[in-house]
Amino acid sequence: MPHWTDLVTEKKQRQLKSIPQEWLVTPPPDSTLDVTGFPETNGLLNAREVEITNTSVESLLEKLASAEWTAVDVTTAFSKRAVVAHQLVNCLTEIFIDRALARAAELDDYLKKTGKVVGPLHGLPISLKDQLCIKGLETTVGYVSWIGQYADKNAVLVDVLIECGAVPFVRTNIPQTLMFPESFNNIFGRTTNPYNRSLTSGGSSGGEGALIALKGSPLGVGSDIGGYEMYSELPFLLTPRDSSVRIPAAFCGLYGLRPSYGRVPYCGARNSLEGQDSILSVFGPMTNSVGGVKVFMKAVANAKPWLKDPLAVRKKWDEDEYNLADHGSGKDLCFAIMWDDGVVVPHPPIRRSLEITKAALQKAGHKVVDWKPIKHRILESVAHTSVRAKGGKTAYQLWQVQKLRQDIRKEYLDHWEATASETGTGRPVDAIICPAAPFAATPHGKNRYTNYTTVWNALDYPAAIFPVTTVDSTLDGKEPRHDFYDDFDKHIYEYDPEKFKNAPICLQLVGRTLEEEAVIKMTEIVDAALATAK
(Lines give C-alpha, C1' and ligand atoms only; values in the text may rest on other atoms or scores of the structure.)
Protein backbone atom coordinates (compact mmCIF):
# COMPACT_ATOMS: atom_id res chain seq x y z
CA MET A 1 0.00 0.00 0.00
CA PRO A 2 1.50 3.41 -0.93
CA HIS A 3 2.57 5.77 1.83
CA TRP A 4 0.17 8.69 2.23
CA THR A 5 2.80 11.17 1.10
CA ASP A 6 3.17 9.26 -2.19
CA LEU A 7 -0.60 9.49 -2.74
CA VAL A 8 -0.46 13.23 -2.15
CA THR A 9 2.51 13.70 -4.49
CA GLU A 10 0.75 11.80 -7.27
CA LYS A 11 -2.47 13.76 -6.75
CA LYS A 12 -0.65 17.10 -6.85
CA GLN A 13 1.12 16.05 -10.06
CA ARG A 14 -2.22 15.26 -11.67
CA GLN A 15 -3.54 18.63 -10.55
CA LEU A 16 -0.57 20.42 -12.13
CA LYS A 17 -1.07 18.52 -15.40
CA SER A 18 -4.68 19.73 -15.52
CA ILE A 19 -3.43 23.32 -15.89
CA PRO A 20 -2.56 24.45 -19.44
CA GLN A 21 1.21 24.92 -19.26
CA GLU A 22 1.06 28.21 -21.17
CA TRP A 23 -1.04 29.60 -18.27
CA LEU A 24 1.72 29.13 -15.71
CA VAL A 25 3.07 32.47 -14.48
CA THR A 26 5.84 33.69 -12.21
CA PRO A 27 4.03 34.82 -9.06
CA PRO A 28 5.33 37.68 -6.91
CA PRO A 29 7.58 36.78 -3.94
CA ASP A 30 5.98 35.71 -0.66
CA SER A 31 6.91 39.10 0.78
CA THR A 32 4.28 40.66 -1.52
CA LEU A 33 1.21 40.37 0.67
CA ASP A 34 -1.49 42.06 -1.41
CA VAL A 35 -1.80 40.22 -4.74
CA THR A 36 -5.23 41.42 -5.81
CA GLY A 37 -3.80 43.44 -8.70
CA PHE A 38 -1.57 40.70 -10.10
CA PRO A 39 -4.10 38.90 -12.35
CA GLU A 40 -4.55 42.06 -14.43
CA THR A 41 -0.90 43.03 -14.67
CA ASN A 42 0.96 39.76 -15.30
CA GLY A 43 0.10 39.72 -19.01
CA LEU A 44 -1.73 36.39 -19.28
CA LEU A 45 -5.21 37.88 -19.70
CA ASN A 46 -5.84 40.13 -22.69
CA ALA A 47 -7.87 43.34 -22.37
CA ARG A 48 -11.15 41.67 -23.26
CA GLU A 49 -10.60 38.88 -20.75
CA VAL A 50 -9.87 41.45 -18.06
CA GLU A 51 -13.13 43.18 -18.97
CA ILE A 52 -15.06 39.91 -18.85
CA THR A 53 -13.70 38.92 -15.45
CA ASN A 54 -14.47 42.37 -14.01
CA THR A 55 -18.11 42.16 -15.08
CA SER A 56 -20.90 41.48 -12.56
CA VAL A 57 -22.94 38.29 -12.70
CA GLU A 58 -26.05 40.15 -13.85
CA SER A 59 -24.25 41.86 -16.74
CA LEU A 60 -22.45 38.66 -17.72
CA LEU A 61 -25.77 36.86 -18.08
CA GLU A 62 -27.18 39.68 -20.22
CA LYS A 63 -24.19 39.61 -22.56
CA LEU A 64 -24.26 35.81 -22.76
CA ALA A 65 -27.99 35.76 -23.51
CA SER A 66 -27.60 38.34 -26.27
CA ALA A 67 -24.61 36.45 -27.73
CA GLU A 68 -22.46 39.56 -27.35
CA TRP A 69 -20.06 37.29 -25.49
CA THR A 70 -19.86 33.55 -26.08
CA ALA A 71 -19.87 31.03 -23.27
CA VAL A 72 -16.53 29.73 -24.55
CA ASP A 73 -14.94 33.17 -24.32
CA VAL A 74 -16.34 33.83 -20.83
CA THR A 75 -15.33 30.39 -19.57
CA THR A 76 -11.84 30.79 -21.02
CA ALA A 77 -11.39 34.19 -19.38
CA PHE A 78 -12.43 33.00 -15.93
CA SER A 79 -10.46 29.76 -16.29
CA LYS A 80 -7.27 31.71 -17.02
CA ARG A 81 -7.88 34.07 -14.11
CA ALA A 82 -8.70 31.15 -11.80
CA VAL A 83 -5.42 29.45 -12.67
CA VAL A 84 -3.52 32.68 -11.97
CA ALA A 85 -5.39 33.02 -8.67
CA HIS A 86 -4.42 29.47 -7.73
CA GLN A 87 -0.74 30.22 -8.31
CA LEU A 88 -1.07 33.19 -5.95
CA VAL A 89 -3.14 31.83 -3.05
CA ASN A 90 -3.47 28.04 -3.59
CA CYS A 91 -7.26 28.04 -3.88
CA LEU A 92 -8.12 25.16 -6.26
CA THR A 93 -8.45 21.40 -5.90
CA GLU A 94 -10.01 19.99 -9.10
CA ILE A 95 -9.38 21.84 -12.39
CA PHE A 96 -11.44 20.57 -15.36
CA ILE A 97 -11.22 23.29 -17.97
CA ASP A 98 -11.48 21.01 -21.02
CA ARG A 99 -14.76 19.61 -19.75
CA ALA A 100 -16.02 23.14 -19.01
CA LEU A 101 -15.10 24.43 -22.47
CA ALA A 102 -16.89 21.51 -24.11
CA ARG A 103 -20.00 22.36 -22.08
CA ALA A 104 -19.67 26.06 -23.00
CA ALA A 105 -19.43 25.18 -26.70
CA GLU A 106 -22.64 23.15 -26.43
CA LEU A 107 -24.39 26.16 -24.88
CA ASP A 108 -23.15 28.48 -27.64
CA ASP A 109 -24.36 26.04 -30.28
CA TYR A 110 -27.79 25.77 -28.63
CA LEU A 111 -28.18 29.55 -28.48
CA LYS A 112 -27.10 29.93 -32.10
CA LYS A 113 -29.53 27.28 -33.35
CA THR A 114 -32.57 28.16 -31.23
CA GLY A 115 -32.09 31.81 -30.32
CA LYS A 116 -32.89 30.80 -26.73
CA VAL A 117 -30.85 30.32 -23.57
CA VAL A 118 -30.81 26.95 -21.81
CA GLY A 119 -31.78 28.54 -18.52
CA PRO A 120 -31.32 31.54 -16.21
CA LEU A 121 -27.60 30.82 -15.69
CA HIS A 122 -26.82 30.22 -19.39
CA GLY A 123 -23.06 30.19 -19.97
CA LEU A 124 -22.10 31.38 -16.48
CA PRO A 125 -18.93 29.75 -15.09
CA ILE A 126 -19.50 28.58 -11.51
CA SER A 127 -16.89 27.35 -9.04
CA LEU A 128 -17.82 24.74 -6.45
CA LYS A 129 -16.54 23.86 -3.01
CA ASP A 130 -14.71 20.54 -2.89
CA GLN A 131 -17.62 18.57 -1.51
CA LEU A 132 -20.03 18.94 -4.42
CA CYS A 133 -19.64 15.72 -6.38
CA ILE A 134 -19.23 15.81 -10.14
CA LYS A 135 -19.44 12.56 -12.07
CA GLY A 136 -15.99 11.25 -12.98
CA LEU A 137 -14.06 13.49 -10.57
CA GLU A 138 -12.59 12.86 -7.14
CA THR A 139 -14.06 14.67 -4.15
CA THR A 140 -11.52 14.27 -1.34
CA VAL A 141 -12.78 16.88 1.18
CA GLY A 142 -9.11 17.06 2.14
CA TYR A 143 -8.92 13.40 3.24
CA VAL A 144 -5.85 11.63 1.85
CA SER A 145 -7.74 8.34 2.18
CA TRP A 146 -10.39 9.62 -0.26
CA ILE A 147 -7.88 10.17 -3.08
CA GLY A 148 -8.91 7.92 -5.97
CA GLN A 149 -12.61 7.84 -5.07
CA TYR A 150 -14.41 9.00 -8.20
CA ALA A 151 -18.06 10.09 -8.16
CA ASP A 152 -20.48 8.02 -10.24
CA LYS A 153 -23.04 10.83 -10.36
CA ASN A 154 -23.43 14.53 -9.72
CA ALA A 155 -24.66 16.07 -6.50
CA VAL A 156 -28.23 17.32 -6.91
CA LEU A 157 -27.15 20.98 -6.79
CA VAL A 158 -24.65 20.36 -9.60
CA ASP A 159 -27.43 18.88 -11.74
CA VAL A 160 -29.68 21.84 -10.93
CA LEU A 161 -26.99 24.36 -11.87
CA ILE A 162 -26.19 22.56 -15.13
CA GLU A 163 -29.90 22.44 -16.02
CA CYS A 164 -30.01 26.19 -15.40
CA GLY A 165 -27.20 26.61 -17.95
CA ALA A 166 -24.22 27.07 -15.63
CA VAL A 167 -20.71 25.90 -16.50
CA PRO A 168 -18.86 24.30 -13.55
CA PHE A 169 -15.13 24.67 -14.22
CA VAL A 170 -13.12 24.32 -10.97
CA ARG A 171 -13.54 23.13 -7.41
CA THR A 172 -12.00 24.89 -4.46
CA ASN A 173 -9.94 24.20 -1.37
CA ILE A 174 -11.23 23.38 2.10
CA PRO A 175 -9.87 22.17 5.44
CA GLN A 176 -9.75 18.44 6.00
CA THR A 177 -13.17 17.36 7.35
CA LEU A 178 -14.62 20.82 6.47
CA MET A 179 -15.13 21.55 10.16
CA PHE A 180 -12.63 24.37 10.61
CA PRO A 181 -12.74 28.15 9.90
CA GLU A 182 -9.51 28.17 7.87
CA SER A 183 -8.61 26.23 4.73
CA PHE A 184 -5.71 23.79 5.10
CA ASN A 185 -5.40 20.07 4.43
CA ASN A 186 -2.63 17.54 3.85
CA ILE A 187 -3.37 17.11 0.15
CA PHE A 188 -3.56 20.64 -1.23
CA GLY A 189 -2.07 22.68 1.60
CA ARG A 190 -3.14 26.12 2.83
CA THR A 191 -5.18 28.78 1.04
CA THR A 192 -4.19 32.37 1.83
CA ASN A 193 -6.01 35.69 1.68
CA PRO A 194 -5.34 37.66 -1.53
CA TYR A 195 -5.59 41.01 0.28
CA ASN A 196 -2.85 39.96 2.68
CA ARG A 197 -1.30 36.53 2.24
CA SER A 198 -0.17 36.43 5.87
CA LEU A 199 -3.88 36.18 6.77
CA THR A 200 -6.40 33.38 6.40
CA SER A 201 -9.09 33.35 3.73
CA GLY A 202 -11.38 31.68 6.25
CA GLY A 203 -13.03 28.32 6.08
CA SER A 204 -14.25 25.94 5.32
CA SER A 205 -15.10 27.56 1.98
CA GLY A 206 -11.83 29.50 2.01
CA GLY A 207 -10.83 28.40 -1.48
CA GLU A 208 -14.04 29.90 -2.82
CA GLY A 209 -13.47 33.12 -0.90
CA ALA A 210 -9.93 33.61 -2.17
CA LEU A 211 -10.79 32.65 -5.77
CA ILE A 212 -13.76 35.01 -6.04
CA ALA A 213 -11.87 37.84 -4.34
CA LEU A 214 -9.31 37.56 -7.17
CA LYS A 215 -12.21 37.47 -9.67
CA GLY A 216 -11.24 34.00 -10.82
CA SER A 217 -14.91 33.05 -10.64
CA PRO A 218 -18.03 35.20 -10.96
CA LEU A 219 -20.09 33.01 -8.63
CA GLY A 220 -19.22 30.17 -6.31
CA VAL A 221 -20.95 27.77 -3.95
CA GLY A 222 -19.85 27.30 -0.36
CA SER A 223 -21.41 25.51 2.59
CA ASP A 224 -22.22 26.74 6.08
CA ILE A 225 -22.74 25.06 9.45
CA GLY A 226 -20.75 27.04 12.02
CA GLY A 227 -19.36 26.72 15.51
CA TYR A 228 -16.44 26.12 17.84
CA GLU A 229 -15.82 24.16 20.99
CA MET A 230 -14.78 25.77 24.25
CA TYR A 231 -13.67 23.18 26.77
CA SER A 232 -14.92 23.93 30.26
CA GLU A 233 -11.81 22.36 31.77
CA LEU A 234 -9.47 24.40 29.55
CA PRO A 235 -11.35 27.59 28.67
CA PHE A 236 -8.64 28.87 26.33
CA LEU A 237 -8.39 25.67 24.28
CA LEU A 238 -10.64 26.08 21.28
CA THR A 239 -11.57 23.81 18.45
CA PRO A 240 -13.17 26.14 15.87
CA ARG A 241 -15.60 24.93 13.27
CA ASP A 242 -16.40 26.63 10.03
CA SER A 243 -19.15 29.14 9.36
CA SER A 244 -18.63 29.44 5.70
CA VAL A 245 -20.19 30.71 3.37
CA ARG A 246 -20.06 33.69 5.73
CA ILE A 247 -16.58 33.70 7.28
CA PRO A 248 -14.69 33.38 3.96
CA ALA A 249 -17.03 35.93 2.35
CA ALA A 250 -16.40 38.32 5.25
CA PHE A 251 -12.64 37.75 5.31
CA CYS A 252 -12.35 38.19 1.53
CA GLY A 253 -14.63 41.20 1.06
CA LEU A 254 -17.47 39.41 -0.75
CA TYR A 255 -21.23 39.03 -0.71
CA GLY A 256 -22.62 35.71 0.47
CA LEU A 257 -25.73 34.09 1.87
CA ARG A 258 -26.38 31.39 4.43
CA PRO A 259 -29.92 30.26 3.50
CA SER A 260 -32.31 28.44 5.80
CA TYR A 261 -32.30 24.66 5.92
CA GLY A 262 -33.56 23.11 2.69
CA ARG A 263 -33.72 26.20 0.48
CA VAL A 264 -30.75 24.91 -1.58
CA PRO A 265 -30.48 21.15 -2.24
CA TYR A 266 -27.71 19.26 -0.43
CA CYS A 267 -28.39 15.69 -1.54
CA GLY A 268 -25.45 13.86 -3.11
CA ALA A 269 -22.72 16.08 -1.67
CA ARG A 270 -19.95 14.66 0.49
CA ASN A 271 -19.68 15.63 4.13
CA SER A 272 -17.96 14.63 7.34
CA LEU A 273 -21.18 14.46 9.35
CA GLU A 274 -23.61 12.67 7.08
CA GLY A 275 -26.66 11.62 9.09
CA GLN A 276 -26.29 14.43 11.62
CA ASP A 277 -29.52 16.37 11.22
CA SER A 278 -29.74 18.40 14.42
CA ILE A 279 -28.12 21.48 12.83
CA LEU A 280 -27.86 21.03 9.11
CA SER A 281 -25.13 22.26 6.83
CA VAL A 282 -26.47 24.36 3.95
CA PHE A 283 -25.12 25.47 0.57
CA GLY A 284 -25.12 29.13 -0.36
CA PRO A 285 -23.72 31.55 -2.96
CA MET A 286 -20.56 33.67 -2.76
CA THR A 287 -19.94 36.44 -5.27
CA ASN A 288 -18.70 39.98 -5.87
CA SER A 289 -22.17 41.58 -6.06
CA VAL A 290 -25.38 41.26 -4.08
CA GLY A 291 -27.15 40.88 -7.43
CA GLY A 292 -25.23 37.66 -7.95
CA VAL A 293 -26.67 36.29 -4.70
CA LYS A 294 -30.18 37.00 -5.97
CA VAL A 295 -29.48 35.42 -9.37
CA PHE A 296 -28.29 32.19 -7.74
CA MET A 297 -31.13 31.86 -5.23
CA LYS A 298 -33.83 32.70 -7.75
CA ALA A 299 -32.49 30.22 -10.30
CA VAL A 300 -32.14 27.38 -7.79
CA ALA A 301 -35.49 27.95 -6.08
CA ASN A 302 -37.36 28.12 -9.39
CA ALA A 303 -35.73 24.87 -10.58
CA LYS A 304 -37.94 22.92 -8.12
CA PRO A 305 -35.08 21.20 -6.27
CA TRP A 306 -37.60 19.41 -4.03
CA LEU A 307 -38.26 17.06 -6.92
CA LYS A 308 -34.65 15.86 -6.69
CA ASP A 309 -33.85 16.24 -2.97
CA PRO A 310 -36.39 14.99 -0.38
CA LEU A 311 -35.12 17.51 2.19
CA ALA A 312 -35.41 20.54 -0.09
CA VAL A 313 -38.17 22.97 0.91
CA ARG A 314 -41.04 23.27 -1.54
CA LYS A 315 -40.80 27.02 -2.05
CA LYS A 316 -40.24 28.84 -5.33
CA TRP A 317 -38.72 32.31 -5.45
CA ASP A 318 -41.28 34.69 -3.93
CA GLU A 319 -41.26 38.09 -5.64
CA ASP A 320 -43.66 39.57 -3.05
CA GLU A 321 -41.24 38.65 -0.28
CA TYR A 322 -38.38 40.13 -2.30
CA ASN A 323 -40.39 43.35 -2.61
CA LEU A 324 -40.67 43.34 1.20
CA ALA A 325 -44.43 42.89 1.39
CA ASP A 326 -44.04 41.97 5.07
CA HIS A 327 -41.66 44.87 5.73
CA GLY A 328 -43.64 47.94 4.75
CA SER A 329 -42.63 47.48 1.10
CA GLY A 330 -39.13 48.61 2.06
CA LYS A 331 -40.11 52.08 3.23
CA ASP A 332 -38.96 53.33 6.65
CA LEU A 333 -37.22 50.10 7.57
CA CYS A 334 -35.96 49.58 11.10
CA PHE A 335 -32.63 47.79 11.49
CA ALA A 336 -31.24 46.62 14.82
CA ILE A 337 -27.48 46.71 15.33
CA MET A 338 -25.91 44.09 17.57
CA TRP A 339 -22.68 45.77 18.69
CA ASP A 340 -21.40 42.60 20.35
CA ASP A 341 -22.74 39.20 21.36
CA GLY A 342 -22.21 39.47 25.10
CA VAL A 343 -19.31 37.02 24.94
CA VAL A 344 -16.51 38.54 22.83
CA VAL A 345 -16.23 42.27 22.03
CA PRO A 346 -15.16 43.01 18.42
CA HIS A 347 -11.96 44.75 17.37
CA PRO A 348 -11.99 48.51 16.55
CA PRO A 349 -12.35 48.02 12.74
CA ILE A 350 -15.51 45.97 13.26
CA ARG A 351 -16.96 48.59 15.58
CA ARG A 352 -16.14 51.29 13.03
CA SER A 353 -17.89 49.35 10.25
CA LEU A 354 -21.03 49.12 12.40
CA GLU A 355 -20.91 52.87 13.00
CA ILE A 356 -20.44 53.52 9.26
CA THR A 357 -23.45 51.33 8.46
CA LYS A 358 -25.64 52.93 11.12
CA ALA A 359 -24.87 56.42 9.82
CA ALA A 360 -25.51 55.39 6.20
CA LEU A 361 -28.88 53.85 7.03
CA GLN A 362 -29.98 56.85 9.05
CA LYS A 363 -28.91 59.15 6.23
CA ALA A 364 -31.04 57.05 3.86
CA GLY A 365 -34.07 57.61 6.10
CA HIS A 366 -34.19 54.30 7.93
CA LYS A 367 -34.44 53.84 11.67
CA VAL A 368 -31.69 52.10 13.64
CA VAL A 369 -32.04 50.67 17.13
CA ASP A 370 -29.79 48.49 19.28
CA TRP A 371 -30.21 44.71 19.40
CA LYS A 372 -29.90 42.96 22.73
CA PRO A 373 -28.53 39.44 22.20
CA ILE A 374 -29.99 36.74 24.41
CA LYS A 375 -28.43 33.40 25.31
CA HIS A 376 -25.76 33.46 22.60
CA ARG A 377 -23.29 31.61 24.81
CA ILE A 378 -25.86 28.90 25.50
CA LEU A 379 -26.75 28.68 21.81
CA GLU A 380 -23.08 28.02 20.97
CA SER A 381 -22.97 25.24 23.54
CA VAL A 382 -26.19 23.75 22.18
CA ALA A 383 -24.88 23.95 18.61
CA HIS A 384 -21.64 22.25 19.56
CA THR A 385 -23.32 19.48 21.54
CA SER A 386 -25.84 18.87 18.76
CA VAL A 387 -23.20 18.50 16.06
CA ARG A 388 -20.33 16.91 17.97
CA ALA A 389 -21.83 15.01 20.86
CA LYS A 390 -19.30 12.84 22.66
CA GLY A 391 -18.50 11.38 26.03
CA GLY A 392 -21.10 8.62 26.01
CA LYS A 393 -24.18 10.85 26.03
CA THR A 394 -27.42 8.90 26.00
CA ALA A 395 -30.20 9.40 23.51
CA TYR A 396 -32.24 10.99 26.29
CA GLN A 397 -29.47 13.49 27.04
CA LEU A 398 -29.28 14.47 23.38
CA TRP A 399 -33.05 14.89 23.31
CA GLN A 400 -32.75 17.35 26.16
CA VAL A 401 -30.19 19.35 24.19
CA GLN A 402 -32.57 19.47 21.24
CA LYS A 403 -35.41 20.50 23.52
CA LEU A 404 -33.28 23.31 24.93
CA ARG A 405 -32.54 24.54 21.41
CA GLN A 406 -36.23 24.34 20.55
CA ASP A 407 -37.12 26.37 23.65
CA ILE A 408 -34.48 29.01 22.90
CA ARG A 409 -35.70 29.32 19.31
CA LYS A 410 -39.15 30.13 20.67
CA GLU A 411 -37.67 32.58 23.18
CA TYR A 412 -35.69 34.31 20.41
CA LEU A 413 -38.81 34.54 18.24
CA ASP A 414 -40.71 36.19 21.08
CA HIS A 415 -37.76 38.49 21.76
CA TRP A 416 -37.78 39.61 18.10
CA GLU A 417 -41.56 40.09 18.05
CA ALA A 418 -41.37 42.23 21.19
CA THR A 419 -39.24 44.82 19.37
CA ALA A 420 -42.41 46.12 17.70
CA SER A 421 -42.80 48.37 20.73
CA GLU A 422 -39.59 50.28 19.94
CA THR A 423 -39.35 50.46 16.14
CA GLY A 424 -42.01 53.09 15.52
CA THR A 425 -43.07 51.27 12.34
CA GLY A 426 -45.77 49.08 13.84
CA ARG A 427 -43.60 46.09 12.95
CA PRO A 428 -40.85 44.29 14.80
CA VAL A 429 -37.26 44.98 13.73
CA ASP A 430 -36.94 44.19 10.03
CA ALA A 431 -33.40 42.76 10.22
CA ILE A 432 -30.41 42.51 12.53
CA ILE A 433 -27.02 43.87 11.45
CA CYS A 434 -24.06 42.44 13.32
CA PRO A 435 -20.42 41.39 12.95
CA ALA A 436 -19.61 38.23 11.02
CA ALA A 437 -16.65 37.76 13.37
CA PRO A 438 -15.12 39.87 16.15
CA PHE A 439 -12.11 40.50 13.89
CA ALA A 440 -11.09 40.83 10.27
CA ALA A 441 -9.22 37.97 8.57
CA THR A 442 -6.75 36.69 11.16
CA PRO A 443 -3.15 35.50 10.87
CA HIS A 444 -3.05 31.80 10.02
CA GLY A 445 -4.14 29.60 12.89
CA LYS A 446 -5.67 32.46 14.87
CA ASN A 447 -9.33 32.28 13.83
CA ARG A 448 -10.53 31.16 17.22
CA TYR A 449 -14.10 32.43 17.61
CA THR A 450 -17.00 31.78 15.25
CA ASN A 451 -20.08 32.27 17.41
CA TYR A 452 -21.09 35.48 15.63
CA THR A 453 -22.16 33.17 12.82
CA THR A 454 -22.94 29.95 14.71
CA VAL A 455 -25.93 31.34 16.60
CA TRP A 456 -27.82 31.95 13.38
CA ASN A 457 -27.19 28.34 12.31
CA ALA A 458 -28.66 27.18 15.62
CA LEU A 459 -31.69 29.46 15.14
CA ASP A 460 -31.90 28.69 11.38
CA TYR A 461 -31.97 32.36 10.43
CA PRO A 462 -30.79 33.30 6.93
CA ALA A 463 -27.85 35.70 6.98
CA ALA A 464 -26.16 37.69 4.23
CA ILE A 465 -22.63 39.10 4.18
CA PHE A 466 -21.88 42.52 2.69
CA PRO A 467 -18.62 44.54 2.52
CA VAL A 468 -18.22 47.87 4.33
CA THR A 469 -14.57 48.97 4.50
CA THR A 470 -11.01 47.76 5.19
CA VAL A 471 -8.76 47.86 8.21
CA ASP A 472 -7.03 51.23 8.52
CA SER A 473 -4.22 51.42 11.09
CA THR A 474 -4.78 55.17 11.45
CA LEU A 475 -8.51 54.96 12.07
CA ASP A 476 -8.35 51.61 13.84
CA GLY A 477 -5.40 52.20 16.13
CA LYS A 478 -4.48 49.83 18.90
CA GLU A 479 -6.50 50.75 21.96
CA PRO A 480 -6.09 49.19 25.40
CA ARG A 481 -9.24 47.48 26.56
CA HIS A 482 -10.31 47.40 30.17
CA ASP A 483 -13.88 46.20 29.79
CA PHE A 484 -13.52 42.51 28.96
CA TYR A 485 -16.49 40.31 29.73
CA ASP A 486 -14.17 37.68 31.19
CA ASP A 487 -10.80 36.00 30.66
CA PHE A 488 -12.08 34.22 27.56
CA ASP A 489 -12.97 37.54 25.92
CA LYS A 490 -9.56 38.90 26.90
CA HIS A 491 -7.78 35.89 25.41
CA ILE A 492 -9.62 36.14 22.08
CA TYR A 493 -9.10 39.90 21.76
CA GLU A 494 -5.38 40.08 20.70
CA TYR A 495 -5.36 43.14 18.43
CA ASP A 496 -2.61 44.86 16.49
CA PRO A 497 -3.86 46.81 13.44
CA GLU A 498 -0.60 46.22 11.54
CA LYS A 499 -1.22 42.47 11.57
CA PHE A 500 -4.61 43.00 9.90
CA LYS A 501 -3.30 45.41 7.26
CA ASN A 502 -5.56 45.78 4.21
CA ALA A 503 -8.05 43.17 5.46
CA PRO A 504 -11.63 43.66 4.25
CA ILE A 505 -14.36 44.37 6.80
CA CYS A 506 -17.79 42.89 6.16
CA LEU A 507 -20.93 42.68 8.25
CA GLN A 508 -23.88 40.33 8.46
CA LEU A 509 -27.58 41.02 7.86
CA VAL A 510 -29.84 38.51 9.58
CA GLY A 511 -33.50 37.81 8.86
CA ARG A 512 -35.99 35.19 9.93
CA THR A 513 -36.33 31.55 8.88
CA LEU A 514 -37.03 31.01 5.16
CA GLU A 515 -36.95 34.77 4.54
CA GLU A 516 -34.12 34.64 2.00
CA GLU A 517 -35.82 36.92 -0.52
CA ALA A 518 -36.33 39.68 2.07
CA VAL A 519 -32.79 39.27 3.39
CA ILE A 520 -31.40 39.72 -0.12
CA LYS A 521 -33.53 42.80 -0.77
CA MET A 522 -32.62 44.40 2.57
CA THR A 523 -28.95 43.68 1.88
CA GLU A 524 -29.36 45.51 -1.43
CA ILE A 525 -30.87 48.45 0.48
CA VAL A 526 -28.00 48.53 2.98
CA ASP A 527 -25.45 48.19 0.18
CA ALA A 528 -27.01 51.11 -1.70
CA ALA A 529 -27.06 53.23 1.46
CA LEU A 530 -23.36 52.56 2.05
CA ALA A 531 -22.52 53.42 -1.56
CA THR A 532 -24.47 56.67 -1.40
CA ALA A 533 -22.89 57.68 1.92
CA LYS A 534 -19.30 57.30 0.63
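In the block above lies the structure referred to throughout.
Residues numbered from 1 in each chain as written. Predicted model: local features only at pLDDT ≥ 70, side-chain atom pairs only at ≥ 80, totals over all residues. Heavy atoms only, no water.

Section: the sheet that holds strand β3 (residues 167–172)
Two pairing modes exist for strands in a sheet, parallel and antiparallel, and in both the strands are linked by backbone hydrogen bonds.
For step 1, the next point in the chain: Reading across from one edge, β1-β3-β2-β8-β12-β11-β16-β17-β15-β13-β14 is the order of the 11 strands in this open sheet, with mixed pairing throughout. The strands lining the two open edges of the sheet, one partner per strand, are β1 (92–95) and β14 (367–370). The average undirected angle you get between the axes of adjacent strands in this sheet is 30°.
For step 2, the next point in the chain: Contacts from helix α5 (residues 97–114) reach β1 and β3 within the one sheet, and its direction differs from that of β3 by about 160°. (Pairing = 2+ DSSP bridges. Helix = DSSP H or I, 4+ residues; strand = E, 2+ residues; numbered from the N terminus. Axes fitted to C-alpha atoms, helices over the stretch in contact; angles between N-to-C directions. Contact = heavy atoms within 4.5 Å.)

Observations concerning helix α4 (residues 71–89)
For step 1, the next point in the chain: In a regular helix each residue adds 1.5 Å, so 19 residues correspond to 27 Å; α4 covers 26 Å between its end C-alpha atoms and thus fits that length.
For step 2, the next point in the chain: Phi turns positive, to about 60°, at N90, one or two residues after α4. (Expected span 1.5 Å × (residues − 1).)

A look at unusual backbone geometry
Most peptide bonds take the trans configuration, and most residues that are not glycine carry a negative phi.
For step 1, the next point in the chain: That bond from G203 to S204 is cis: its omega, 10°, falls within 30 degrees of zero.
For step 2, the next point in the chain: Note on placement: S204 falls in the loop between β7 (196–200) and α7 (206–213).
For step 3, the next point in the chain: Even without glycine at this site, K304 takes up a positive phi of about 55°.
For step 4, the next point in the chain: Mapped onto the elements of the fold, K304 is located in the loop between α9 (290–302) and α10 (319–322).
For step 5, the next point in the chain: The phi dihedral of K375 is positive, around 60°, even though this residue is not glycine.
For step 6, the next point in the chain: Mapped onto the fold, K375 is located in the loop between β14 and α12 (376–387).
For step 7, the next point in the chain: Classification of K375 by relative accessible area gives partly exposed; the value is 37%. (Buried < 20%, exposed > 50% of the residue type's maximum accessible area, 1.4 Å probe, protein only.)

Remarks on the side chain of S127
For step 1, the next point in the chain: On the secondary structure map, S127 appears in strand β2 (residues 125–129).
For step 2, the next point in the chain: On the basis of relative accessible area, S127 is assigned to the buried category, the value being 0%.
For step 3, the next point in the chain: The contacts of S127, once residues within four sequence positions are left out, are F169, V170, T172, E208, L211, S217, L219, G220 and V221.

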